[in-house]
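# Close look at the chain arrangement
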Amino acid sequence: MVESSISISEVSDTAIWMAAYRAEESLRPDALFTDPIAERLAGELRGAVLSSKVAVPGSRGGWPPVVRTALIDGLIARSLAEGCDRVLNLAAGWDTRPYRLELPQALSWFEVDLPKIVDAKNRALVDEEPHCRVTRSSVDLTDPAACAAFVTAAVDGARRPLVITEGLLQYLEPAQVRGLSEVLLAAGVRWWITDLWTPSLLWLVNRTMGRHLGQAQWAFGPARGAAFFQGWTRTDNESIFSAAARWRRSPVWLRPAAVLPDALLRSGVVRLCVAE
């Protein structure tokens, strides 16, 4: 059972929030996705998270991560249609995509996180059957050598590997993100799906949610957006605010603003491809 507390002592603790929000979304008649495992993973913490105000400022509930999840689902499907033959989910947390998405049985899906997350997830999902081949590993992604060794080994033999860093980069320093980018390029990764947040939203989140985040403060919000990533070309860019308005997940008062070219609203999900 997950501990019933919403305090955040490290970045990996935020994974419980995401499971709780996915469980809530799955109950809607117009759900963007269904995740029958999420409620069990979130456990008794689900009620505490959903009744709290721990969310992006101005939001009701967890619509930003819910919309982000749906957008990334779509980009994964697009990558598979374009020949993706291996997936690496870095800082996977309590993500359950191998169990809820329609995936090729022969697909190899690698998940990475800290030991306590990997061990707990292995225990929680021991009786669940994934739709593809899943391998979980404990890797400290902030250790450049360990990260490079894992990525290199995981993509070995793949023709068009995909890396996902959902909810990870904002907790890293710019130099760490640049180092990760270099690791992925050197290993021969074809696509990289991630969420990016603008500097103004980074500031707003830390200012309004800092007491909840504890040591998990946001650190990465590139002013140049996807242009920060040298050696990569942006092939897809989905605004979380625009998608939330389209899917009626954001508050009513915020939906008209989603069409405006405001720097705050350019936060979203991108798919990067190796520049040719």
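The structure contained in this document is the topic of the report that follows. Given the structure is predicted, the values throughout are model-derived calculations rather than measurements.

The next point concerns the overall build of the protein chain. Counting secondary structure elements, the protein chain contains 10 helices and seven strands. Taking all 276 residues of the protein chain together, the buried fraction comes to 53%. Taking all contacts inside the protein chain whose residues are at least 6 apart in sequence as the whole, residues at least 24 apart take part in 78%.

Checked against the element boundaries, Cys147 lands in helix H7 (residues 144-154). A C-alpha to C-alpha distance of 9.6 Å links Cys147 and Leu90, two positions 57 residues apart in sequence. What Cys147 contacts, discounting residues up to four positions off in sequence, is Val139, Asp140, Leu141, Leu180 and Val183.

With that settled, consider the side chain of Ser267. Secondary-structure assignment places Ser267 in the loop between helix H10 (240-246) and strand E7 (268-274). A distance of 3.1 Å separates the side chain of Ser267 from the backbone nitrogen of Thr198, its partner in a polar contact. Non-local contacts of Ser267, meaning those with residues more than four positions away in its chain, are made with Leu196, Trp197, Thr198, Leu201, Ser239, Ile240 and Phe241.

Our next topic: the pairing of strand E1 (residues 86-90). Of all five residues making up E1, five are buried, and the element is well covered by its neighbours. Taking every second residue as pointing to the same face, both faces of E1 are buried, with Arg86, Leu88 and Leu90 on one and Val87 and Asn89 on the other. Judged from the five bridges that link them, E1 and strand E2 (residues 108-113) form a sheet pairing that is parallel. Looking at E2, one finds that Asn89 is bridged to Glu111.

Turning our attention to the pairing of strand E5 (residues 191-196). Burial runs high along E5: six of the six residues are buried. Neither face of E5 is open: one carries Trp191, Ile193 and Asp195, the other Trp192, Thr194 and Leu196, and all of them are buried. In this structure, strand E4 (residues 161-165) lies alongside E5, joined through four bridges in parallel fashion. Among the inter-strand pairings, Val163 is bridged to a residue of E5, identified as Trp192.

So, on to the packing of aromatic side chains. Across all of its chains, the model carries nine aromatic pairs by this definition. With a centroid separation of 6.4 Å and 75° between ring planes, the pair formed by Phe110 and Phe150 is classed as edge-to-face. Linking Phe110 in strand E2 with Phe150 in helix H7, this pair joins segments that are 40 residues apart in sequence. For the pair Phe110 and Phe150, a shared accessibility class is recorded, and that class is buried.

Within the structure shown, the criterion is met by one cavity of 30 Å³ or more. Approximately 30 Å³ is the volume attributed to the largest cavity. If you go around the largest cavity, the residues you meet are Ala92, Gly93, Glu111, Val112, Asp113, Ile117, Val118, Lys121 and Arg136. Of all the elements in the fold, those that place two or more residues in the lining of the largest cavity are E2 and helix H6 (115-124). In terms of residue class, the lining of the largest cavity is made up of four nonpolar, one polar and four charged.

It is worth spelling out unusual backbone geometry at this point. Glycine aside, the phi torsion of most residues is negative, and most peptide linkages are trans. Here the phi dihedral of Ala91 falls at roughly 60°; this positive angle occurs in a residue that is not glycine. Here Ala91 is to be found in the loop between E1 and helix H5 (97-100). In the Ramachandran plot, Arg248 falls in the positive-phi region, its phi being about 60° despite a non-glycine side chain. Along the polypeptide, Arg248 turns up in the loop between H10 and E7. In this structure Arg248 comes out as exposed when scored by relative accessible area, which is 58%.

Reading the values: rules and limits
- Residues numbered from 1 in each chain as written.
- Predicted model: local features only at pLDDT ≥ 70, side-chain atom pairs only at ≥ 80, totals over all residues.
- Heavy atoms only, no water.
- Helix = DSSP H or I, 4+ residues; strand = E, 2+ residues; numbered from the N terminus.
- Buried < 20%, exposed > 50% of the residue type's maximum accessible area, 1.4 Å probe, protein only.
- Contact = heavy atoms within 4.5 Å.
- Polar contact = N/O pair within 3.5 Å; in protein donor to acceptor, adjacent residues only side chain to side chain.
- Pairing = 2+ DSSP bridges.
- Phe/Tyr/Trp six-rings, centres within 6.5 Å; stacked < 30°, edge-to-face > 60°.
- 1 Å grid on protein atoms, 1.4 Å probe; cavity = no way out; pocket = protein on both sides within 12 Å on 5 of 7 lines; lining within 4 Å.
- Points joined across faces, edges and corners; volume = space filled by probe spheres on them.
- Nonpolar A, V, L, I, M, F, W, Y, C, P; charged D, E, K, R; others polar.

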